[in-house]
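Secondary and tertiary structure notes
Residues per chain are reported as follows:
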Amino acid sequence: MTAAPPPLDSQALAGAQRRTRGRPTREEGEALRKAILDAALSVFIARGFEAASMAGIARAAGVAKITLYRHYESKEQLFVEVARRAQLGVRERLGTVADAGVPLEAALRQIISKLYDGYTHPEYLAVMRMVIAEAGRFPKLGRAMLDDSAQVSAPLVAYLQRLKDAGQVDLDSPYDAAAQISGLASGAGRYVLLTPGRHPASRRRWVESLVTLFTRAWRKTA
């Protein structure tokens, strides 16, 4: 039996359902869009892309099907939006990257921990598995996801560039270094196939091993 989609955030849904007469406000429009994307994510995770339907997503979001189609012309377009939203969610979890005055080990520990949490978040992993499974159906999605990943790592690239300019690290390319940090923080792809250990000790071992790896590789020697 197919699992039922998890319940949506009641406040977000209530906000999306409240409408004033006439043109909705920007806040109402954003609340509606969030409710739709949350519902779509739940339905896609529970049923998979093929079995999911626009009617089912509309029901989960608590909106009329015509309202859903007014925002998204097709299930394919909605899936792409859900996938890219999950990718950019990693950027939100990363937040502000430490400045160059923070000791390298402490900064890397903070950065890698946040990236690990973002890339191993259950919803992100579920979306990535669907993206891989549907790659043939969405040939442009992979490129869009790569472009989004550059946006995710942009603050990290800028931080590493500041360290390099200050002579605090010895590395050739901040961009490549940021990609290496992100790739290993995400488990180098293994967590797409395996559920990562969510135990704090497992997370801590993984983070600390990467902090040791990168500080040894990049630290300036006298």
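Position numbers for residues start from 1 in each chain and track the written sequence from start to end. Given that the model is predicted, a residue must reach a pLDDT of at least 70 before its local features are reported, and side-chain atom pairs must reach 80 or more before they are shown or counted; all residues, however, enter totals for whole chains, interfaces and linings. Values reported for side chains reflect all heavy atoms of the structure, with hydrogen atoms and water molecules removed beforehand.

As a further point, take the nonpolar core. Membership of the largest hydrophobic core comes to 55 residues, with the highest contact counts inside it found for Phe 44, Leu 78, Ile 112, Val 127, Leu 160 and Ile 181. Strands here mean DSSP runs of E at least two residues long; helices mean DSSP runs of H or I at least four residues long; both are numbered from the N terminus. Elements supplying a minimum of two residues to this core: helix H2 (26-51), helix H3 (54-61), helix H5 (75-94), helix H6 (104-119), helix H7 (122-133), helix H8 (141-165), helix H9 (174-185) and helix H11 (200-218). The element best represented in this core is H2, accounting for nine residues. Working rule for contacts: check all heavy atoms of both residues, and any pair within 4.5 Å makes them a contact. Once residues within four sequence positions are removed from consideration, Val 127 is found in contact with Leu 41, Val 82, Ala 83 and Ala 86. Definition used in this section: a nonpolar core is a set of buried Ala, Val, Leu, Ile, Met, Phe, Trp, Tyr and Cys residues joined via side-chain atoms within 4.5 Å. Residue exposure (1.4 Å probe, protein chains only): buried if accessible area is under 20% of the type maximum, exposed if over 50%, otherwise partly exposed.

Here we come to the pattern of salt bridges. The rule for a salt bridge is simple: a side-chain nitrogen of Lys or Arg has to be within 4 Å of a carboxyl oxygen of Asp or Glu. Within this structure, the stated rule accounts for six salt bridges. A salt bridge links Arg 85 to Asp 38; the nearest nitrogen and oxygen atoms lie 2.9 Å apart. On the criterion of sequence distance, the pair formed by Arg 85 in helix H5 and Asp 38 in helix H2 is long-range, its members being 47 residues apart. Accessibility expressed as a relative area gives 30% for Arg 85, which makes it partly exposed. Of the charged contacts in the structure, one is a salt bridge between Arg 219 and Glu 105, with a shortest N-O distance of 2.1 Å.

In an α-helix, one turn spans 3.6 residues; hence positions three or four apart end up facing the same way. Here the expected length of a helix is defined as 1.5 Å per residue gap, with one fewer gap than residues. A rise of 1.5 Å per residue sets the reference length of H6, with its 16 residues, at 22 Å; its end C-alpha atoms lie 22 Å apart and thus fit the reference within 8%. Along H6, the residues classified as buried are Leu 104, Ala 107, Leu 108, Ile 111, Ile 112, Ser 113, Leu 115, Tyr 116, Gly 118 and Tyr 119.

Working convention: axes come from line fits to C-alpha atoms, limited for helices to the stretch in contact. Angles between N-to-C directions cover 0 to 180 degrees. It is at 8 Å that the axes of H6 and H9 come closest, and there the two elements cross at 55°. Taken together, the axes of H6 and H9 lie oblique to each other. Taken as a pair, H6 and H9 cross one another with a handedness that is right-handed. Each of Leu 108, Ile 112, Leu 115, Tyr 116 and Tyr 119 in H6 lies in contact with H9, whose residues at this interface are Ile 181, Ser 182 and Ala 185. Across the contact of H6 with H9, the residue classes break down as seven nonpolar, one polar and no charged. Each angle is binned into one of four classes, with values under 35 degrees roughly parallel, values over 145 roughly antiparallel, values of 65 to 115 roughly perpendicular, and all other values oblique. Note on convention: near helix rotated counterclockwise from far helix by under a right angle means a left-handed crossing. Clockwise means right-handed. Side-chain classes are defined by residue name, with Ala, Val, Leu, Ile, Met, Phe, Trp, Tyr, Cys and Pro counting as nonpolar, Asp, Glu, Lys and Arg as charged, and the others, Gly among them, as polar.

Counting through the fold element by element, Leu 210 comes out in helix H11. C-alpha of Leu 210 to C-alpha of Ile 112: the two residues are 98 residues apart in sequence and 7.8 Å apart in space. With residues near it in sequence (within four places) discarded, Leu 210 still touches Ile 112, Leu 184 and Ala 185.

A word on the side chain of Ser 182. Mapped onto the fold, Ser 182 is located in helix H9. Residue Ser 182 is classed as buried on the basis of its relative accessible area of 11%. Excluding residues within four positions of it along the chain, Ser 182 makes contact with Leu 115, Tyr 119, Ser 153 and Leu 156.

What pLDDT expresses is the predictor's confidence in each residue, scored from 0 to 100. Mean pLDDT over the protein chain works out to 79, with 80% of the residues at or above the 70 mark. Ranking the helices and strands of the protein chain by mean pLDDT puts H3 first, with 94, and helix H1 (residues 10-17) last, with 46. Per-residue pLDDT stays below 50 along residues 6-21; that stretch engages in 23 contacts with residues further than four places along the chain or on separate chains.

Remark: H9 packs on H11, axes separated minimally by 11 Å, with the N-to-C direction vectors making an angle of 160°. Taken together, H9 and H11 sit at an angle that is classed as roughly antiparallel. H11 is crossed by H9, and the crossing has right-handed handedness. Contacts between H9 and H11 involve Ala 177, Gln 180, Ile 181, Leu 184 and Ala 185 on the former and, on the latter, Trp 206, Leu 210, Leu 213, Phe 214 and Trp 218. Looking at the contact of H9 with H11 residue by residue, the class counts come to nine nonpolar, one polar and no charged.

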